[in-house]
Structures are given as C-alpha cells and as structure tokens.
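# Survey of secondary and tertiary structure
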Amino acid sequence: MGESGCGKTTVGRLLLRLIDPSSGCIFFDGTDITKLDRREMRELRPRMQMIFQDPESSLNPKMRIGECIAEPFCLGLKGKMSRIEMRSWKREA
C-alpha cells in the first residue's frame, strides 16, 4: 500500500526478479533470491504473485469472482492436482 509513484510495482518486480537490483540483497523465506539462477527462480516463482491494483485489468470479467480468487491457488498446485480436480476446486471456490 502506498501513494502513486512510491515504488510498489518496482518492489514487486524486484521480488519476482523480473528486474535485477543494482545493489543489496533480497531475502524470501530465508533465501537470498539475488543469488539464484534462472532455474532456481522458476522453481520459486509459483510461491509468489503480483497483485495489481486496477481490478479492471487484473480480473477477468468472464469468470466468477470465486474462480478469479481460486486461480492463483490452482496455479500453485499445478502438478499436484489433476486438471479435473483443479476445475472442480475452482468451481467450488
């Protein structure tokens, strides 16, 4: 939360390593993510997600709100649940 232009998006991009910091360290769950290579970051990213402030650009109007909320959780469970289980879980949300 913060005023427009205070760096919220930049911090999010740094945390996801979409941009690299010019100096310093970034710790996520006790690990300095600035030292991780691409493969290690790819494994870590399902545990992270940006939350955009503009609901019109971040929420799909063709989906029910429960489905929109459940979608990130399903993505985090990808590979641990079958497609049928994920669809069922999204519908129940």
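A brief structural summary. Keep in mind it's a predicted model, so treat the numbers as computed, not measured. (Residues numbered from 1 in each chain as written. Predicted model: local features only at pLDDT ≥ 70, side-chain atom pairs only at ≥ 80, totals over all residues. Heavy atoms only, no water.)

## Looking at the overall build of the protein
Check the secondary structure of the protein and you find five helices and two strands. Walking the protein from its N terminus toward its C terminus, one meets helices and strands in the order α-β-β-α-α-α-α. Taken over 93 residues, the protein has a buried fraction of 17%. Within the protein, counting contacts between residues at least 6 apart in sequence, those at least 24 apart form 27% of the total. Of the roughly 7,900 Å² of accessible surface on the protein, 53% is carried by carbon and sulfur atoms. (Helix = DSSP H or I, 4+ residues; strand = E, 2+ residues; numbered from the N terminus. Buried < 20%, exposed > 50% of the residue type's maximum accessible area, 1.4 Å probe, protein only. Contact = heavy atoms within 4.5 Å. Areas by Shrake-Rupley, 256 points an atom, 1.4 Å probe, with all protein chains shown as cover.)

## So, the nonpolar core
Counting eight residues, the largest nonpolar core consists of Leu16, Ile26, Ile33, Leu36, Met41, Leu44, Met48 and Met50. The residues contacting Met41, other than those within four sequence positions of it, are Leu15, Leu16, Arg17, Ile33 and Leu36. (Core = buried A, V, L, I, M, F, W, Y, C linked by side-chain atoms within 4.5 Å.)

## Thoughts on the environment of Arg13
Relative to the elements of secondary structure, Arg13 occurs in helix H1 (residues 8–15). Looking at Arg13, the relative accessible area reads 43%, which means it is partly exposed. Each C-alpha atom, one on Arg13 and one on Gln49, is 10.0 Å from the other, the two residues being 36 residues apart in sequence. Those residues in contact with Arg13, other than ones at most four positions away along the chain, are Leu18, Ile19 and Met50.

## Observations regarding the pattern of salt bridges
Working definition: two side chains of opposite charge can pair if their charged atoms are close together. Counted by the stated rule, this structure contains four salt bridges. Ionic pairing is found between Arg17 and Asp20, a salt bridge with its closest N-O pair at 3.0 Å. A residue is classified by how much of its surface remains accessible, and Asp20, at 55% relative accessible area, is exposed. One salt bridge connects Arg39 with Glu43, and the closest N-O pair in it is separated by 2.8 Å. Taken together, the residues span about one helical turn, with Arg39 and Glu43 both in helix H2 (residues 38–44) at a distance of four residues. Exposure remark for Glu43: the relative accessible area of 52% places this residue in the exposed category. (Salt bridge = Lys/Arg side-chain N within 4 Å of Asp/Glu carboxyl O.)

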